[in-house]
Amino acid sequence: MKRKIRILIFFLILILLIILFLILKNVKKETFDDIIFFKLFSQTNSINENKKQNQYIIDFKKDNQIFTKVNLMETVDLKKLVNEKIQPGTNGEFEIILKSNKDIYYKMEFESLNNKPENLKFSIKGQKEKYKTLEELTNSLQGSITKEESKIINIEWNWEYQNGNNSDIQDTNDGTKLKEYNFLIHAIGNEI
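Residues numbered from 1 in each chain as written. Predicted model: local features only at pLDDT ≥ 70, side-chain atom pairs only at ≥ 80, totals over all residues. Heavy atoms only, no water.

Student: Requested: an account of a negative patch on the surface, with residues and values cited.
Tutor: Residues Glu111, Glu129, Glu135 and Glu136 make up a contiguous surface patch of negative charge. The residue Glu111 is located in strand β6 (residues 104–112) in this model. For Glu111, a relative accessible area of 44% corresponds to the partly exposed category. (Patch = residues over 30% accessible without salt bridge, like charges linked within 9 Å, V, L, I, M, F, W, Y side chains within 5 Å. Areas by Shrake-Rupley, 256 points an atom, 1.4 Å probe, with all protein chains shown as cover. Salt bridge = Lys/Arg side-chain N within 4 Å of Asp/Glu carboxyl O. Lys, Arg positive; Asp, Glu negative; His and termini not counted. Charge placed at Lys NZ, Arg CZ, Asp CG, Glu CD. Helix = DSSP H or I, 4+ residues; strand = E, 2+ residues; numbered from the N terminus. Buried < 20%, exposed > 50% of the residue type's maximum accessible area, 1.4 Å probe, protein only.)

Student: I'd like to hear about unusual backbone geometry, residue by residue, with values.
Tutor: Residues other than glycine seldom take positive phi values, yet Glu148 does so here, at roughly 65°. Within the secondary structure, Glu148 is located in the loop between β8 (142–145) and β9 (150–159).

Student: Requested: an account of the confidence of the model for the protein, with residues and values cited.
Tutor: Of the residues in the protein, 77% reach a pLDDT of 70 or more, and the chain-wide mean stands at 77. Ignoring residues within four places in sequence, the model shows residues 28–52, a span with pLDDT below 50, making 35 contacts including any to other chains. (pLDDT = per-residue confidence, 0-100. Contact = heavy atoms within 4.5 Å.)

Student: Any chance you could break down the packing of aromatic side chains for me, citing the residues and the numbers?
Tutor: If you walk through the whole model with that rule in mind, you get five aromatic pairs. For the ring pair Tyr56 and Phe94, a centre distance of 5.9 Å and an interplane angle of 85° mean the geometry is edge-to-face. Here Tyr56 is found in strand β3 (residues 55–59), whereas its partner Phe94 is found in strand β5 (residues 91–99), with 38 residues between them in sequence. When its relative accessible area of 0% is taken as the criterion, Tyr56 is described as buried. When the centroid spacing of 5.6 Å and the interplanar angle of 40° are considered together, the rings of Tyr181 and Phe183 count as tilted. Residue Tyr181 shares its accessibility class with Phe183, and that shared class is buried. Among the aromatic residues, those joined into a cluster by ring pairs are Tyr56, Phe94, Phe110, Tyr181 and Phe183. (Phe/Tyr/Trp six-rings, centres within 6.5 Å; stacked < 30°, edge-to-face > 60°.)

Student: Provide a residue-level description of the side chain of Gln55, including the pertinent values.
Tutor: If you trace the backbone, Gln55 turns up in strand β3. A polar atom in the side chain of Gln55 sits 3.0 Å from the side chain of Glu95. (Polar contact = N/O pair within 3.5 Å; in protein donor to acceptor, adjacent residues only side chain to side chain.)

Student: Kindly report on the nonpolar core, identifying the contributing residues and their values.
Tutor: Counting residues in each nonpolar core, the largest one holds 33 residues, and the members touching the most others are Ile96 and Met108. Put simply, the parts of the chain that give this core at least two residues each are β3, β4 (65–71), β5, β6, β7 (120–124), α3 (134–137), β9 and β10 (182–191). When sequence neighbours within four positions are dropped, the list of residues in contact with Ile96 reads Tyr56, Ile58, Met108, Phe110, Lys151, Ile152, Ile153, Ile155 and Ile185. (Core = buried A, V, L, I, M, F, W, Y, C linked by side-chain atoms within 4.5 Å.)

Student: Describe a nonpolar patch on the surface, and please don't skip the residues or the numbers.
Tutor: A surface patch of nonpolar side chains, about 700 Å² in accessible area, is lined by Met1, Ile5, Ile9, Ile13, Leu17, Leu20 and Leu24. You can call Ile13 partly exposed: its relative accessible area is 46%.

Student: Please set out the environment of Tyr181 residue by residue, giving values where relevant.
Tutor: Mapped onto the elements of the fold, Tyr181 is located in the loop between α4 (165–177) and β10. On the basis of relative accessible area, Tyr181 is assigned to the buried category, the value being 0%. Leave out the neighbours within four places in its chain, and Tyr181 touches Val70, Asn71, Leu72, Ile86, Ser112, Asn114, Asn115, Lys116, Leu120, Phe122 and Leu134. Among the polar contacts made by the side chain of Tyr181, one reaches the side chain of Ser112 at a distance of 2.5 Å.

Below, the structure written as structure tokens:
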């Protein structure tokens, strides 16, 4: 009799754990990652924490150099997301919002933290030119901001589906190795 009660209790606990898992799985991925992995990032310069979904605010009020970490998975178009990973056929966009309390000349640089899929391309919204890497995009992301002005830069990305045989082989290799793509935005502002 005691054995049957123990087995019954074991199955009840197992069912409760499964229900808890399903509830937590439905919580937004970003929140779930924050709870589980306590996303931490440290850097000697200022790290920007003014971030909303798909939006990265760079405020030059305090510092002339700001680093912002971006996980491309957080910017993906959820309608095209398959198996919760970036793969051919996915795309997305993110905004970089620049603010300053003085007239400045800004320049942005990018640093990839892991390998980017070869056929993943970037562009500035409204422009036709596509860039193979974020580092190529750097030359187009510089200019000036006047005091108390905000400037919004929209970056779009796209990983085309079925570009040709050689691209398909490369996409398959990249897709099996990559779950997410992370990079840093390094914004530098110099007073004019």
